[in-house]
Amino acid sequence: MSKLDPEKIPRHVAIIPDGNGRWAELRNLPRDEGHLKGVQAVREVVRAASELGVRLLTLYAFSQENWDRPRDEVRALMRLLKRYLRNDGDELHENGIRVAAIGRLERLDAGVRRELERLMRRTEANDQMQVTFALSYSGRTELVDAVRQIVREVESGCLDPEAIDEKCVASHLYLPELPDPDLLIRTGYEHRISNFLLWQLAYTELYLADVLWPDFGKQQLVDAFLAYQQRERRFGRTSEQLRREP
Ligand code: IPE
Ligand code: IPE
Ligand code: MG
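Each value, and the rule that gives it
Residues numbered from 1 in each chain as written. Chains lettered and ligands numbered in written order. Predicted model: local features only at pLDDT ≥ 70, side-chain atom pairs only at ≥ 80, totals over all residues. Heavy atoms only, no water. Salt bridge = Lys/Arg side-chain N within 4 Å of Asp/Glu carboxyl O. Helix = DSSP H or I, 4+ residues; strand = E, 2+ residues; numbered from the N terminus. Buried < 20%, exposed > 50% of the residue type's maximum accessible area, 1.4 Å probe, protein only. Near = heavy atom within 4 Å. Polar contact = N/O pair within 3.5 Å; in protein donor to acceptor, adjacent residues only side chain to side chain. Areas by Shrake-Rupley, 256 points an atom, 1.4 Å probe, with all protein chains shown as cover. Nonpolar A, V, L, I, M, F, W, Y, C, P; charged D, E, K, R; others polar. Core = buried A, V, L, I, M, F, W, Y, C linked by side-chain atoms within 4.5 Å. Contact = heavy atoms within 4.5 Å.

**A short note on the pattern of salt bridges**
Tallied over the entire structure, the rule returns 21 salt bridges. With its nearest N and O atoms 3.0 Å apart, the salt bridge here joins Glu25 to Arg31. Measuring nitrogen to oxygen at the nearest pair gives 2.6 Å for the salt bridge that ties Asp145 to Arg104. Here Arg104 lies in the loop between β3 (97-102) and α5 (110-122) and Asp145 lies in helix α6 (residues 139-155), a separation of 41 residues in the sequence. Using a relative accessible area of 19% as the deciding quantity, one classes Asp145 as buried. Taken together, the shared-partner salt bridges in this structure form one network comprising Asp18, Arg22, Arg186, Glu190 and Arg192.

In structure tokens, the structure reads:
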């Protein structure tokens, strides 16, 4: 078995943790039980990522489209999220983890938002690893929000339309300082992006894990990193060029 190269750990890992509902249904359990197991997997993966030296971890916890799920499921997810933010705060803080969030957070229940804002404030100065939760998040909406802000700046005369370039667009995303992910992991057997980080994933390496999210843990994360370390990221160039000027 090949070993992980500690020099080539992906700096920013994004995850689409999918398959909680199916995990529960396979066991004739209510879907909420799958979400509960999913939270445990999040806990384990946050610990493992930090131990392995990941600097940035972005987790798609709840999409804008997920608001259209049955009301009871949305309510259960919000309850779990609130409980996670409250119960795991101490451990995250003690491990030097900064908590951040992206998405239309104003749509979240007041209780969830309060816990989230409190934890973000509390962990703001931590610098071991940043965990960013995408909540009420849509990649297209993030771009719409960026366009609106850019138009406002043009209208008020602070921005010249000719000065709008990729850097300018990127600087209007929810967390402009967050670099693009190096690796995207999706569990749950689906091969799609589901409206996650549309702009930021332009050159991200994709890894589709054939496992439901509650069954994903440290070993599966290591497997994803091993696969990542075999990839050659060319960014449009040729292998030959990369050998000459890496
Ligand atoms: C992912 O699991 C969790 C969220 C979307 C919040 P799902 O709930 O989508 O599980 P499946 O895909 O139905 O199995
Ligand atoms: C993606 O999972 C969103 C999250 C994991 C939060 P979904 O289950 O919502 O995605 P689709 O509907 O299968 O594309
Ligand atoms: Mg799903």
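The structure having been displayed, the exposition proceeds.
**Observations regarding the site of ligand 1**
Around ligand 1, the surrounding shell consists of Pro17, Asp18, Gly19, Asn20, Gly21, Arg22, Arg31, His35, Ala61, Asn66, Arg69 and Leu77. In the environment of ligand 1, an oxygen atom lies 2.8 Å from a nitrogen or oxygen atom belonging to the side chain of Asp18. Between ligand 1 and the protein, one listed contact pairs an oxygen atom with a side-chain N or O atom of Arg31 at 3.0 Å. Considering ligand 1 on its own, with 380 Å² of exposed area, one finds that the protein chains cover 86% of that surface. Every element with two or more residues in the shell around ligand 1 is listed here: α1 (20-25) and α2 (31-52). Taken together, the residues of the shell around ligand 1 sort by class into 3 nonpolar, 5 polar and 4 charged.

**Some points on the nonpolar core**
Counting residues in hydrophobic clusters, the biggest one holds 50 residues, and the most contacted among them are Val46, Leu57, Ile185 and Phe225. Sort the elements by how many residues they give to this core and α2 lands first, with 8 residues. When near neighbours in sequence (up to four residues on either side) are disregarded, Phe225 contacts Leu4, Ile9, Pro10, Val13, Leu52, Val54 and Leu183. Core analysis: the next-biggest nonpolar cluster, separate from the first, contains 14 residues, Leu56, Ile102, Leu175 and Leu178 among them.

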